[in-house]
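Read off the chains here:
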Amino acid sequence: MMILLITKPPPSIPNKTLGFIINPIAGMGGTVGLKGTDGQQTLKQALALGAAPIATKRAQTFLTELLSARPHLKLIVGAANMGETEAKKLGYTYKVIGETKPKTTPKDTQSIAKAVAEAGVDLLVYCGGDGTTRDIQKAIGMTLPVLGVPTGVKMHSALFATSPQAAARVVIEYLWNGLPLQEAEVMDIDEQAFRENHLSAKLYGYMLSPFEPHLIQGNKMESPITENEVENQAAIALYILEEMQPGVLYIVGPGTTTRTVADLMDQKKTLLGVDLFLDKQIIAQDVSEKQILIHINTKPTKIIVTPIGGQGFIFGRGNQQISPKVIRQVGINNIFVIATKSKLAKFKHLRVDTGDPELDETFRQSGIRVIVDYKITQHMPIE
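Predicted model only: the values in this text are computed from it and were never measured.

### Observations regarding the nonpolar core
When a protein is soluble and globular, its nonpolar side chains tend to lie buried together.
Here is step 1 of the chain: Judged by nonpolar contacts, the single largest core of 35 residues is most densely connected at Leu-18, Phe-20, Phe-62, Leu-66, Val-125 and Val-171.
Here is step 2 of the chain: Counting only elements with at least two residues in this core, the list comes to β1 (16–22), α2 (55–65), β2 (73–78), β4 (123–128), β5 (146–150) and α6 (164–177).
Here is step 3 of the chain: With nine residues, α6 is the largest single contributor of residues to this core.
Here is step 4 of the chain: Other than its neighbours up to four places away in sequence, Val-171 contacts Leu-18, Phe-62, Leu-66, Leu-123, Val-125 and Leu-147.

In structure tokens, the structure reads:
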């Protein structure tokens, strides 16, 4: 069961100062299948593929959820689309750091973060992914508590709230009701290797962050490779194969458990991408949201995903190509979630963060059926 924190501060409280930075290009590579947006060349590629900004929308969600605390907050924000625009739109009191620029770079994030820390804030909140997290760490190290609003593609670090709404709750709980701090891992992966189907993750260090395990995700953990685990994956895959229907399109998300399904069909699935199967054959690899939508317009469709180890997300982390639009068109009842018993045993609940609050709430109300072995399922609540 999800623990709901107080979502507004008590009536008589001291005023607080909050640092707020948006990386406006964060997350743009997700729906187009680029697995990140680090570097100008990748950004150009994402734009050419039709990527749209998502960071500002999720920043708005965060600031809207935080409105009850607005009378007691002053924001120190990045200029223009790095924080100023959204703070102004929602009526916050704020001070601007930095200069307005048509294009922002990691150096802008670093310089603004350093200036925000020097201005004296109680907490720094940033909207981005693992690349942004590394930029913040370079600038301020362990000098200031930090919280991430998840807006990127890669979010392996342990500083991110589970959603923009959860981030607002953590801010209020930390600033006025008291939360302990922890040293949280700053993780990132090699994007180029990731696009080539190799996961190369690295620990870059630590930053201080509020500790609230129900509302802040942990760092991503790899599934153990044991004989029992492999046998369990194979049993799940065999059951999925028996359930697959002719003429039905299957959208298969990333992960070792989903890849085992393809292995039993003698099909080479991408480990880290989203692939499309029809009649037990791969018809498209590493697809984008746009490609998925084209295919599902003509065929009945089902989705197969597995939770992210250590975090429990089934949507919204690493598979943004399976967007809210895709999920709504396919239907929640046509989703297969698969996970080995040992993997699922680590979770009391699973998580979704699709970017569509109404869709997320639908998942929470119904929960999800998880296939854990051959013809064995387990119902899991969604947080």
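Having seen the structure, we can now continue with the description.
### Considerations on the pattern of salt bridges
Here is step 1 of the chain: As enumerated under the stated definition, the model contains 10 salt bridges in all.
Here is step 2 of the chain: Two residues, Asp-356 and Arg-328, come together in a salt bridge whose shortest N-O distance is 3.1 Å. On the criterion of sequence distance, the pair formed by Asp-356 in the loop between β14 (351–352) and α13 (357–366) and Arg-328 in helix α11 (residues 324–330) is long-range, its members being 28 residues apart.
Here is step 3 of the chain: Judged by relative accessible area, Asp-356 falls into the buried class, the value being 17%.
Here is step 4 of the chain: A relative accessible area of 46% means that Arg-328 is categorised as partly exposed.
Here is step 5 of the chain: Where Glu-383 meets Arg-351, a salt bridge forms, and the shortest distance between an N and an O atom there is 3.6 Å. Remark: Arg-351 occurs in strand β14 and Glu-383 occurs in the segment after β16 (376–380); sequence separation between them is 32 residues. As far as the burial class goes, Glu-383 and Arg-351 line up, both buried.
Here is step 6 of the chain: Salt bridges here are not isolated pairs; linked through shared partners, they connect Arg-58, Arg-317 and Asp-353.

### Things to note about helix α4 (residues 106–119)
Here is step 1 of the chain: Taking 1.5 Å per residue, 14 residues should reach 20 Å; α4 reaches 20 Å between its end C-alpha atoms and fits that length.
Here is step 2 of the chain: For α4, the elements touching its buried residues are β1, β2, β3 (93–97), β4 and α5 (130–140).
Here is step 3 of the chain: Two residues or fewer after α4 comes Gly-120, characterised by a positive phi angle close to 85 degrees.

Reading guide: rules and limits
Residues numbered from 1 in each chain as written. Predicted model: local features only at pLDDT ≥ 70, side-chain atom pairs only at ≥ 80, totals over all residues. Heavy atoms only, no water. Core = buried A, V, L, I, M, F, W, Y, C linked by side-chain atoms within 4.5 Å. Buried < 20%, exposed > 50% of the residue type's maximum accessible area, 1.4 Å probe, protein only. Helix = DSSP H or I, 4+ residues; strand = E, 2+ residues; numbered from the N terminus. Contact = heavy atoms within 4.5 Å. Salt bridge = Lys/Arg side-chain N within 4 Å of Asp/Glu carboxyl O. Expected span 1.5 Å × (residues − 1).

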